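What the coordinates show
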Amino acid sequence: MSLLRMTGRPLLASMFVAGGLNSLRAPEEVAPAAEPVVRPVTEHVSALPDRTDQVVRLSGAVQVVGGVLLGLGRLPRLSSLALAATLVPTTLAGHRFWEAEDPGDRAQQRIHFLKNLSMLGGLLIAADDTAGAPSLLWRGRHAARGVRREAHLVRRTARATARPAAVAGGLRAKLPR
C-alpha cells in the first residue's frame with residue numbers, strides 16, 4: 001500500500017467514525033434535524049426502520065463500521081461506497097443552508113455543506129481506487145480482447161492454409177491413381 005493511501009484513508013475515515021459514534025450514542029440529538037430527510041426515504045425503502053432515531057442509529061453504525069474498514073484499508077471500495085451512501089442524506093439533513101435565516105448561520109451551513117460534498121468526492125475517488133491492481137472489469141475486457149485477437153489469428157491462419165490445401169487436394173484428385 002502506498003504512503004498516500006496508508007495516511008489518506010484513515011484521515012478520510014476519521015470524521016465518519018467520530019460522527020457515527022455520536023449518532024450511535026445520542027440519536028435523539030440528531031433525529032429532529034434528520035426528520036425531513038428520513039421520512040421520504042423510509043417511505044420508499046421498506047427495509048429501513050420506521051422511527052427516525054433508529055434510522056439515525058443505523059446510519060451511525062454504518063459510518064463507524066465503514067470508517068474503521070476504510071481506515072484499516074479493508075474492503076476500501078465497498079466501505080467508501082457505504083460511507084458515501086450515508087453522507088448524502090446526512091448532508092441534506094444537517095446542513096440545509098438554504099433554510100437558514102441568519103446570514104452568519106447560513107454561511108456556516110454552506111461551508112459544512114461544501115465540506116461534505118468534498119468528502120463525498122474523496123469517497124467516490126476511494127471507491128474507484130483499485131490500489132494499482134486492475135479491476136475485474138478491466139481484467140474481463142482485457143481477456144476478451146485477447147480472445148478476439150486469438151480468434152482473428154486462427155481465422156487468418158485457417159484462410160491462409162485452406163486455399164493451398166484446396167489447390168493441392170484438387171491437383172491430387174486429377175492425378176491418375
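For the structure given in this document, a descriptive report is provided here. (Residues numbered from 1 in each chain as written. Predicted model: local features only at pLDDT ≥ 70, side-chain atom pairs only at ≥ 80, totals over all residues. Heavy atoms only, no water.)

**Let's talk about the pattern of salt bridges**
Throughout the structure, instances matching the rule amount to five salt bridges. Among the ionic pairs, Arg 5 bridges to Asp 129, the shortest N-O distance being 2.6 Å. In this pair, Arg 5 is assigned in helix 1 (residues 3–25) and Asp 129 in the loop between helix 5 (103–128) and helix 6 (136–174), connecting sequence segments 124 residues apart. Note on Arg 5: relative accessible area 23%, which makes it partly exposed. With its nearest N and O atoms 2.7 Å apart, the salt bridge here joins Glu 35 to Arg 39. Placement of both Glu 35 and Arg 39 in helix 2 (residues 27–44) is noted, with a separation of four residues, approximately one turn of the helix. On the basis of relative accessible area, Arg 39 is assigned to the partly exposed category, the value being 32%. The structure contains a network of salt bridges with shared partners spanning Arg 5, Arg 9 and Asp 129. (Salt bridge = Lys/Arg side-chain N within 4 Å of Asp/Glu carboxyl O. Helix = DSSP H or I, 4+ residues; strand = E, 2+ residues; numbered from the N terminus. Buried < 20%, exposed > 50% of the residue type's maximum accessible area, 1.4 Å probe, protein only.)

**Focus on the environment of Leu 114**
Among the secondary structure elements, Leu 114 is positioned in helix 5. For Leu 114 and Thr 91, which are 23 residues apart along the polypeptide, the C-alpha to C-alpha distance reads 9.2 Å.

**Topic: the nonpolar core**
Ranked by size, the top nonpolar core spans 10 residues in total: Leu 12, Ala 13, Phe 16, Leu 70, Leu 83, Ala 84, Leu 87, Met 119, Leu 120 and Leu 123. Sequence-distant contacts of Leu 120, that is, excluding residues within four places in its chain, are made with Ala 84, Leu 87 and Val 88. (Core = buried A, V, L, I, M, F, W, Y, C linked by side-chain atoms within 4.5 Å. Contact = heavy atoms within 4.5 Å.)

**Topic: unusual backbone geometry**
Positioned with a positive phi, Leu 75 is a non-glycine residue whose angle comes to about 45°. By the secondary structure assignment, Leu 75 is in the loop between helix 3 (52–72) and helix 4 (76–94).

Worth remembering: the numbers are spatial, not functional.
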